[in-house]
Amino acid sequence: MDASSDAKRRIVLTTFGSYGDVNPFVGLALGLKGRGHDPVVATSAHYRRYVESNELAFAPVRPDVDPDDRTLLA
């Protein structure tokens, strides 16, 4: 195995939707972080606190829509 296979990687995980969509990506990011990588979860700003509370890097993705806003269903 060459030395580059053990290199730390920055990995961006992008998702959009509800907590049911975001949670698996947070879990995956935590696993990657535990293996020495530098994951970034890119999703709606609505989830910034949640992502960062798991000690993960966050990047905002537009549109910034509150998934609980029921007026969007109309």
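Our subject is the structure listed above.
Residues numbered from 1 in each chain as written. Predicted model: local features only at pLDDT ≥ 70, side-chain atom pairs only at ≥ 80, totals over all residues. Heavy atoms only, no water.

Peer 1: Would you take a moment to explain the packing of aromatic side chains for this structure?
Peer 2: In this description, a pair of aromatic rings is defined by centroid distance and the angle of the planes. Taken as a whole and judged by the stated rule, the model has two aromatic pairs. Residues Y19 and Y47 carry aromatic rings whose centres are separated by 4.8 Å and whose planes lie at 85 degrees to one another, so their mutual orientation is edge-to-face. You can see Y19 sitting in helix α1 (residues 19–34) and its partner Y47 sitting in the loop between β2 (38–43) and α2 (48–53), a full 28 residues away along the chain. On the basis of relative accessible area, Y19 is assigned to the partly exposed category, the value being 39%. We classify Y47 as buried; its relative accessible area is 0%. Note on Y19 and Y50: the rings are 5.3 Å apart at their centroids and 85 degrees apart in plane angle, and the pair reads as edge-to-face. Here the residue Y19 occupies a position in helix α1, and Y50 occupies one in helix α2, the gap between them amounting to 31 residues. Site record: aromatic cluster; members linked through ring pairs are Y19, Y47 and Y50. (Phe/Tyr/Trp six-rings, centres within 6.5 Å; stacked < 30°, edge-to-face > 60°. Helix = DSSP H or I, 4+ residues; strand = E, 2+ residues; numbered from the N terminus. Buried < 20%, exposed > 50% of the residue type's maximum accessible area, 1.4 Å probe, protein only.)

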